[in-house]
Amino acid sequence: QVQLVESGGGSVQAGGSLRLSCAASRYIYGIMGWFRQAPGKPREGVAAILTGGGLTTYTNSVQARFTISQDNTKNTLYLQMNSLKPEDTGMYYCAVMQSRLWVGVLQSGRYNYWGQGTQVTVSS
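Residues numbered from 1 in each chain as written. Predicted model: local features only at pLDDT ≥ 70, side-chain atom pairs only at ≥ 80, totals over all residues. Heavy atoms only, no water.

Asker: Give a detailed account of the state of the cysteines, specifying residues and quantitative values.
Answerer: In the structure shown here, the tally under the stated rule is one disulfide. Covalent S-S linkage joins Cys 22 and Cys 94, the inter-sulfur distance amounting to 1.9 Å. Note on the Cys 22 and Cys 94 pair: the S-S dihedral is about 45°, so by sign convention the disulfide is right-handed. Of this pair, Cys 22 sits in strand 3 (residues 18–24) while Cys 94 sits in strand 9 (residues 90–97); the two residues are 72 residues apart in sequence, bridging distant segments of the chain. Residues Cys 22 and Cys 94 agree in their burial class; the two are buried. (Disulfide = S-S within 2.5 Å. Helix = DSSP H or I, 4+ residues; strand = E, 2+ residues; numbered from the N terminus. Buried < 20%, exposed > 50% of the residue type's maximum accessible area, 1.4 Å probe, protein only.)

Dropping the structure here:
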């Protein structure tokens, strides 16, 4: 079992920045991801990282604006979000996949554990 707790969400104006954190209850040997869900829309994969492996990927809409990273000493996952846009608004979730197979890593169905989410609201 893994417990995940997100923090760092909030309300910002367009062009601003936020850094999300996800504290895991233990070290994760697998893949971790950030997902988001806007009202009335399906959950969307935002970014993923192979823990300790150096691989990352992003959905096209956040490329060059968001950065996923991890601090293994703290069992914490981060998402640095810059140049935020109103369309980035949504509930952001971190998730853990108990696999290191780097295929479909932005697909929510591959993930085994989820946090409760943190709200991000970007106003124009």
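Asker: Mind laying out the environment of Lys 85, listing which residues take part and the relevant values?
Answerer: The topology assignment puts Lys 85 in the loop between strand 8 (76–81) and strand 9. Residue class for Lys 85 comes out partly exposed when judged on its relative accessible area of 34%. A C-alpha to C-alpha distance of 32 Å links Lys 85 and Tyr 29, two positions 56 residues apart in sequence. If near-sequence neighbours (up to four positions away) are discounted, Lys 85 is found in contact with Arg 65 and Val 122. (Contact = heavy atoms within 4.5 Å.)

Without other data, these values stay purely geometric and don't point to any function.
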